[in-house]
Amino acid sequence: MFSLQAMARRTKLNEPIDFSTTPLFHHNKKTFTKTLGLSTDGRSKRMNLFQSVNNALGITLRTSNEVLCFGEDVAFGGVFRCTMNLQAEFGKDRVFNTPLTEQGIIGTAIGAAAKGMKPVVEIRFADYVFPAFDQIVNEASKFRYREGATGGNVGGLVIRMPPGGVGHGALYHSQSPESLFCHVPGFKVVSPRSPSQAKGMLLSAILHSPDPVIFLEPKILYRAAIEQVPEASYTLPLDKAEVVKSGTDLTIISYGRPLYTCSAAIEAAERDFNGASIELIDLQAIYPWDRKRMVNFGVGAEIAATIQDALFLQLNAPVKRVAGWTTHTGLAYQKYIIPDVARVYDAIQGSLEY
Amino acid sequence: MDEELRKSWGLRDWCAPERCIRWSTTSSTIDIPRFPGAVNSPLVTTMNFRTSSDLAPIPTYRVMNSEGYLNDPNRQPPDVSNDQALIWYKNMLTVNILDTIMFEAQRQGRVSAGEEAVTVGSAAALGPDDVITCQYRETGVFQQRGFTLKDFMSQLVASRNDPGKGRNIPVHYSGKQKTGVHAVASTLETQIPHAVGAAYAFKMEAKENPTETSEGDFHGALNMAATQDCPVIFICRNNGFAISTPTSEQYCGDGIASRGIGYGIDALRVDGTDIFAVYEATKEARRRALQDGGRPILIEFMSYRVSHHSTSDDSFAYRSKGEIESWKTGHNPLSLLLRWLENNGLCNETMEKETRLAIRKAVLAELTVAESEQKLALRAVFDDVYAELSEEQLAQKEELRRIMMTFPDEYDVESHEGGLAGL
């Protein structure tokens, strides 16, 4: 039993995340050894998320002539600077602007991928992916399946988009539509938590994935997340979850920006609830997700159902979900809708006390 | 179709882009099949690909020249009273000043400098019951249609007096009751088919839309409107850019007006910096749209986006300062109308300065008041997703209440009307 008397909590829970000290980053390349796939050999450099994405895109364009990079405003660098200098280096044939048509962008990319190209297309905000929904769900997801024996596929396709709230994005700059894509199999849906993860996962997605990938880059991390990133090329798996903090009493599963909220809540909980030891898992592969790891280590919407099916008798408490409320992210109310540290902390407390 | 226009388009006599004519049967003789897909198309033995250069570019209609006089001295002056012209000037100026203040004071804005005439002028030509759907760069429409400074500032700071209940980011106004305009979204062109549907439902509609016509919604909407004879005006502001993408990368072919023809829709191109041209064109479009039970009309208003796309954009990254300056100082809607007003003795420099100062003062005063207002009650978090709260939402509301009571230091509930009781 944990000591859960009302602690005089001196520190406020809902403080802004301090990315310069978060344990989820590699502030120093010595910690590369903690992450499978990151090597301490070779040089590393401080990069934020858009720089690491830019770095990865440059490497793929250099490595393979089949790689194309297109979307709205990518030529001048993109609204989030992920495509800076790429057109200058690789030319207009490979890096180019498109008209404003997500439907047209994805449809064209499917055609190119079917011919063996590796189109890496950008949807400016995840909120704007919906005109492309038909192409994603009815075309790309089903392509290999309906080709049957021909082996035809669109494995070279990578769709990049930034989801998530930034505090003031309101209705159309804050959405997380990834769950919609997880109900139609055919794509790998993944989300890196940090610049070093992003580079390795994007390189995997573009150069090695035999399946099309939806690559979600949490937009608030583009500038805010800065850490050491290896300068050389390296790849990280697209189908593995990662234990980013070990613990024995409770497991929290998350991905993307909310990981940092969970990390802050865990820090507060372990400080306040004497003896509590809480594990944090980064899902990374949102769909298909790493079933083996989840079943062995953790408890967690879809995940929760599968886990209880396998581990019903081993659970000490019901699986709890902490998510946005059933409403839209109105500007004046965003901070009450998107899960904050206090809500995760409260959920931890509830589970430990169960 | 007008002979002059036909000639100016370089159309041969037998080319008649009539409105779509529906045939219930197509008769054919052995020699002359009449295909249902193109009933007026004559059969020929020479292979003649139609190219976009066959047709001369669609000309641009203007009333004023750059000095603020009638470009055609033989025509009647515009059917606009002096009072009306002054009100328009004041409204355009208000839009301009609103943008500036929002930029300076709030680092906010989807600024619309250079395009004020299109929004104010077209809105002025519409009827009070006409419904409008528009994009987020159309502050002038709201201004012309009765939105007050209090409405604008309340929306900016998402205070309790915002008709949109503080839900949308700045310049995404909601004002249907006052202005007849649907609430604005950030998504592009999605509002175009809405106007078509509203037109179909009953009366005169108008729709505003910037140069983006690349989205599928534009094409679907025009097609629907044409085949269903909807009394709707499609208004396109062609300001030359979509963030960094110039129109040369957005489309080939002769602008947007030419697309209307492809759908069987009458189209006109207008100098969007000339408010009289904007007004006359919209008025005429409205008259035509209501003819014979209704039909769609397309107007392409040409302008130049003087400002950055938004406060997150630095447009010097993709265009020269010289280019922007020449449009800013040379040919823009405010200075053009001002020259007209001065030429007609209706305004002078002193009056202009005083009006500017007065508007600025009024806007800042409203901003100060709005900033001190509370936000709406917390029930606005869950209200209006459905007509009634769902069971799930009711449970979540209680959960949120419990969280806010358990962690009172984490939430500033008093900034909302009624505090926690307002949930």
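Residues numbered from 1 in each chain as written. Chains lettered and ligands numbered in written order. Predicted model: local features only at pLDDT ≥ 70, side-chain atom pairs only at ≥ 80, totals over all residues. Heavy atoms only, no water.

Section: the overall build of chain A
Then step 1. A count of helices and strands for chain A gives 13 helices and twelve strands.
Then step 2. On C-alpha atoms alone, chain A measures out to a radius of gyration of 20 Å, which is about the 20 Å that the 2.2 N^0.38 rule sets for 354 residues.
Then step 3. Residues counted as buried form 57% of the 354 residues belonging to chain A.
Then step 4. For chain A, the computed accessible surface area is about 15100 Å², with 52% contributed by carbon and sulfur atoms.
Then step 5. If you average the places of the 36 positive and of the 33 negative side-chain charges in chain A, the two averages end up 4 Å apart. (Helix = DSSP H or I, 4+ residues; strand = E, 2+ residues; numbered from the N terminus. Rg over C-alpha atoms; globule rule 2.2 N^0.38 Å. Buried < 20%, exposed > 50% of the residue type's maximum accessible area, 1.4 Å probe, protein only. Areas by Shrake-Rupley, 256 points an atom, 1.4 Å probe, with all protein chains shown as cover. Lys, Arg positive; Asp, Glu negative; His and termini not counted. Charge placed at Lys NZ, Arg CZ, Asp CG, Glu CD.)

A closer look at the side chain of T133(B)
Then step 1. Looking at where T133(B) falls in the secondary structure, it is placed in strand β2 (residues 131-133).
Then step 2. From its side chain, T133(B) meets the backbone oxygen of Q191(B) in a polar contact 3.0 Å long. (Polar contact = N/O pair within 3.5 Å; in protein donor to acceptor, adjacent residues only side chain to side chain.)

Quick word on the pairing of strand β5 (residues 158-161) of chain A
Regular strands place side chains that alternate from one sheet face to the opposite one.
Residues and elements named next belong to chain A.
Then step 1. Neither face of β5 is left uncovered, since the one carrying V158 and R160 and the one carrying I159 and M161 both have all their residues buried.
Then step 2. Here three bridges tie strand β4 (residues 118-122) to β5, and the two strands are oriented parallel to one another. Residue pairing for β5: E122 is matched across the bridge by R160.
Then step 3. Two strands pair when backbone bridges link them, and β5 and strand β7 (residues 213-216) are joined in this way by four bridges, in the parallel orientation. Of the residues in β7, the one forming a bridge with V158 is V213. (Pairing = 2+ DSSP bridges.)

Description of the interface of chain B and chain A
Then step 1. On the chain A side, the residues contacting the 47 residues of chain B number 40 residues.
Then step 2. For the pair chain B and chain A, the two sides together bury roughly 3600 Å², of which 58% comes from carbon and sulfur.
Then step 3. Taken together, the links from chain B to chain A amount to one salt bridge.
Then step 4. With a closest N to O distance of 2.5 Å, R402(B) and D346(A) form a salt bridge.
Then step 5. Listed by contribution, the elements that provide at least two residues to the side of chain B that touches chain A are α9 (247-250) and α15 (391-406) of chain B.
Then step 6. For the side of chain B that touches chain A, the element with the highest residue contribution is α15(B), accounting for nine residues. (Contact = heavy atoms within 4.5 Å. Buried area = accessible area lost by both parts, 1.4 Å probe. Salt bridge = Lys/Arg side-chain N within 4 Å of Asp/Glu carboxyl O.)

Topic: the sheet that holds β4(A)
Residue and element names in this part refer to chain A.
Then step 1. Strand order in this open sheet of seven strands is β3-β2-β4-β5-β7-β6-β12, and the pairing throughout is mixed. Single-partner strands in this sheet number two, and they are β3 (95-97) and β12 (285-287). The sheet shows a mean angle of 20 degrees between the axes of neighbouring strands, taken without regard to direction.
Then step 2. Relative to β12, strand β6 (residues 188-190) runs antiparallel, the two being bridged by two bridges. Within β12, the residue paired with V189 across the bridge is Y287. (Axes fitted to C-alpha atoms, helices over the stretch in contact; angles between N-to-C directions.)

Considerations on the confidence of the model for chain A
Then step 1. Here chain A averages 89 in pLDDT, and 94% of its residues register 70 or above.
Then step 2. Note that pLDDT drops below 50 for residues 1-7 of chain A; the model gives that stretch eleven contacts with residues more than four away or on any other chain. (pLDDT = per-residue confidence, 0-100.)

Some points on unusual backbone geometry
Residues and elements named next belong to chain A.
Then step 1. For the bond running from Y287 to P288, omega is -15 degrees, close enough to zero to count as cis.
Then step 2. Within the element layout of this structure, P288 appears in the loop between β12 and α10 (291-297).
Then step 3. Positive phi is not limited to glycine here, since R81 has a value of about 70 degrees.
Then step 4. Position of R81 relative to the elements: it lies in the loop between β2 (67-71) and α2 (86-90).
Then step 5. Given a relative accessible area of 25%, R81 falls into the partly exposed group.
Then step 6. One non-glycine residue, A170, lies in positive phi territory at about 55 degrees.
Then step 7. Residue classification places A170 among the buried positions, given a relative accessible area of 0%.

A look at the sheet that holds strand β9 (residues 242-245) of chain A
Residue and element names in this part refer to chain A.
Then step 1. The strand order across the open sheet built from three strands is β9-β11-β10, with neighbouring strands paired in mixed fashion. Of all strands in the sheet, those bounded by a partner on one side alone are β9 and β10 (250-254). Across the sheet, the mean angle from the axis of one strand to that of its neighbour is 35 degrees, orientation sign disregarded.
Then step 2. Note that β10 and strand β11 (residues 278-282) share five bridges and pair parallel. The residue of β11 that forms the bridge with L250 is I278.
Then step 3. Lying on the sheet, helix α9 (residues 258-272) is in contact with β9, β10 and β11; it crosses β11 at an angle near 175 degrees.

Looking at the pattern of salt bridges
Then step 1. Applying the stated criterion to the full structure yields 34 salt bridges over all chains.
Then step 2. Of the charged contacts in the structure, one is a salt bridge between E139(A) and R146(A), with a shortest N-O distance of 3.0 Å.
Then step 3. Classification of R146(A) as partly exposed rests on a relative accessible area of 46%.
Then step 4. With a closest N to O distance of 2.8 Å, E284(B) and R287(B) form a salt bridge. One end of the pair, E284(B), and the other, R287(B), are both in helix α11 (residues 275-289), three residues apart, so they sit about a helical turn from each other.
Then step 5. Among the residues examined, R287(B) registers a relative accessible area of 44% and is labelled partly exposed.
Then step 6. Within this structure, D266(B), E284(B), R287(B), R288(B) and R295(B) form a network of salt bridges that share partners.

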